[in-house]
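# Overview (structure and organization)
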Amino acid sequence: MPPTTPTAEDSAMKIAIITDIHHGPKSHTKETGWDGMATMEAFVEHANAIGADLLLDLGDHISDTDYATDVRAATEVANTLAQFKGPRYHVVGNHDVTNLSIGDNEEIFGQSMQSQVFDLGAARLILWQPGVNIGLPGGFAPTTDALPWLVETLKADSKPAIIATHVPLSGHSQIGNFYFENNAEYSTYPDHAAVRRAVEATGNAAMWLAGHVHWNTVTPVGGIHHVTIQSMSERFTTAPVSANAFAVLDINDGVAQLEVLGNDPFGARIQFRRSADRAWLAPMGPFAQSLPELENA
Ligand SMILES: [Fe+2]
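All values reported here derive from a predicted model rather than from experimental measurement.

Here is what the cut-offs are and how they apply
Residues numbered from 1 in each chain as written. Predicted model: local features only at pLDDT ≥ 70, side-chain atom pairs only at ≥ 80, totals over all residues. Heavy atoms only, no water. Donors = N, O, S within 2.8 Å, 3.2 Å for Na, K, Ca; no water. Tetrahedral: all angles 85-135°; square planar, octahedral: opposite > 155°, others 65-115°. Helix = DSSP H or I, 4+ residues; strand = E, 2+ residues; numbered from the N terminus. Buried < 20%, exposed > 50% of the residue type's maximum accessible area, 1.4 Å probe, protein only. Salt bridge = Lys/Arg side-chain N within 4 Å of Asp/Glu carboxyl O. Pairing = 2+ DSSP bridges. Axes fitted to C-alpha atoms, helices over the stretch in contact; angles between N-to-C directions. Contact = heavy atoms within 4.5 Å. Lys, Arg positive; Asp, Glu negative; His and termini not counted. Polar contact = N/O pair within 3.5 Å; in protein donor to acceptor, adjacent residues only side chain to side chain. Right-handed = clockwise from strand over helix to strand, strands pointing away.

So, about the coordination of the iron ion. Where a metal carries four tetrahedral donors, each ideal angle is 109.5 degrees; where it carries six octahedral donors, the ideal angles are 90 or 180 degrees. Protein ligation of the iron ion involves Asp20 (OD), His22 (NE2), Asp60 (OD) and His214 (NE2), the donor distances falling in the range 2.1 to 2.3 Å. Classification of the site at the iron ion as irregular follows from its 4 donor atoms and the range of 88 to 176° in their angles at the metal. Each donor residue of the iron ion belongs to the same chain, with the gaps between them written as D-x1-H-x37-D-x153-H. You can see Asp20 sitting in the loop between β1 (13–18) and α2 (37–49) and its partner Asp60 sitting in the loop between β2 (54–57) and α3 (67–81), a full 40 residues away along the chain. The pair formed by Asp20 and Asp60 is uniform in burial state, with each residue classed as buried.

Moving on to the pattern of salt bridges. Within the structure shown, the criterion is met by 3 salt bridges. Put simply, Asp119 and Lys159 hold a salt bridge, and the shortest N to O gap is 2.9 Å. Taken together, the positions of Asp119 in strand β4 (residues 116–119) and Lys159 in the loop between α5 (147–155) and β6 (161–164) put the pair 40 residues apart, joining distant regions of the chain. Given a relative accessible area of 24%, Lys159 falls into the partly exposed group. Note that Asp277 is salt-bridged to Arg274, the shortest N-O span being 2.6 Å.

All right, on to the sheet that holds strand β9 (residues 224–228) then. One open sheet accounts for 6 strands, arranged β4-β5-β6-β7-β9-β8; its pairing is mixed. Of all strands in the sheet, those bounded by a partner on one side alone are β4 and β8 (217–221). Averaged over all neighbouring strand pairs, the angle between strand axes comes to 20°, with direction disregarded. Taken together, the 5 bridges between β8 and β9 define a ladder with antiparallel strand orientation. Each residue of the ladder has a partner; that of Pro220, found in β9, is His225. Contacting β4, β5 (124–127), β6 and β7 (205–210), α5 runs over the sheet at an angle of about 175° to β5. Where helix α6 (residues 192–202) meets the sheet, its contacts fall on β6, β7, β8 and β9, and the angle it forms with β7 comes to roughly 145°.

Here we come to the sheet that holds strand β12 (residues 266–271). Spatial strand order, β3-β2-β1-β10-β11-β12: 6 strands in an open sheet with mixed pairing. Among the strands making up the open sheet, the edge pair consists of β3 (88–90) and β12. The mean angle between the axes of side-by-side strands here comes to 20°, regardless of whether they run parallel or antiparallel. Bridge count for β2 against β3 is 3 bridges, and the pairing is parallel. Bridged to Leu55 within β3 is Arg88.

What follows covers unusual backbone geometry. Leu136 connects to Pro137 through a cis peptide bond whose omega is -5°. Secondary-structure assignment places Pro137 in the loop between β5 and α5. The omega torsion of the bond from Ala239 to Pro240 falls at 5°, within 30 degrees of zero and hence cis. Relative to the helices and strands, Pro240 is located in the loop between β9 and β10 (246–252). The residue His22 is not glycine, and still its phi comes out positive at about 55°. Locating His22 in the fold gives a position in the loop between β1 and α2. At Asp60, a position not held by glycine, the phi torsion is positive, near 55°.

Our focus in this paragraph is the side chain of Asp57. With respect to the helices, strands and loops of the structure, Asp57 is situated in strand β2. Although Asp57 lies buried, it forms no salt bridge, and the closest oppositely charged side chain, Arg88, sits 7.8 Å away as judged by the N-O distance. A polar contact is formed between the side chain of Asp57 and the side chain of His90, at a distance of 2.6 Å.

Before going further, it helps to spend a moment on the pairing of β7. β7 sits mainly inside the fold: 6 of its 6 residues count as buried. Relative to β7, β6 runs parallel, the two sharing 4 bridges. By the bridge assignment, Ala164 is partnered in β7 with Leu209. The handedness of the β6 to β7 crossover, carried by α6, is right-handed. Across 4 bridges, β7 lies against β9 in parallel orientation. Along β9, the bridge assignment pairs Ala210 with Thr228.

Have a look at this one:
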């Protein structure tokens, strides 16, 4: 039989997303005595009920306390998310590697925590895992060792790619953010601009999903939509209650619909295509340098 043309139905996919669960006793902003199990269970129940194709967890499973407590908390997260009936993809966050090693996380979640790429049919999912140790003082180390793999992986296939990291690379403003307004250097990698340029140059990325900053944002840069999803346990935007947030990303026929559920609802309807499929004009130089040109125009 000759190959059939893919239909919109073929390219449809639903991704259930959860991030920054921070299961465990410690937190700056969580409700006293807050227990994440109920929301995690509600998330998995929802993901199963809507027939999500995959579950994506963007890291910070736990609030680090000590080795034994962290093993117990991370295991509870892994066991709860394992009730999802489809494939699960996890990245590690900074709190996941404070007392636990990458190997501990791999054992608990049953998955490599190295960077990996997965073919989703009409798109690709890239779990990019540069180091997430948050150096104090100073913040994250540059992604130098991890970036060549990302660029080569993007270049290897022209399907629109979704990149998933714990830490966002959008470089978006942290004004108003409880944690990062006064600590912006801890909100992203120091080489975020160079990473964006390298990724944009491949033309093959469509969307970038991240957690870490505990709020909902969409930042379009160079034809790529950078999205951050609210933390499940956060309440700086929803006090006195917790956000109880999780999200569904529904991609169909070149359009991505994001819905964040819970007490910090958020939504976006955005194009889903390789950045190279539509020209994004490079930002112009400083106005001061362009003034004579503009005046003569
Ligand atoms: Fe977090």
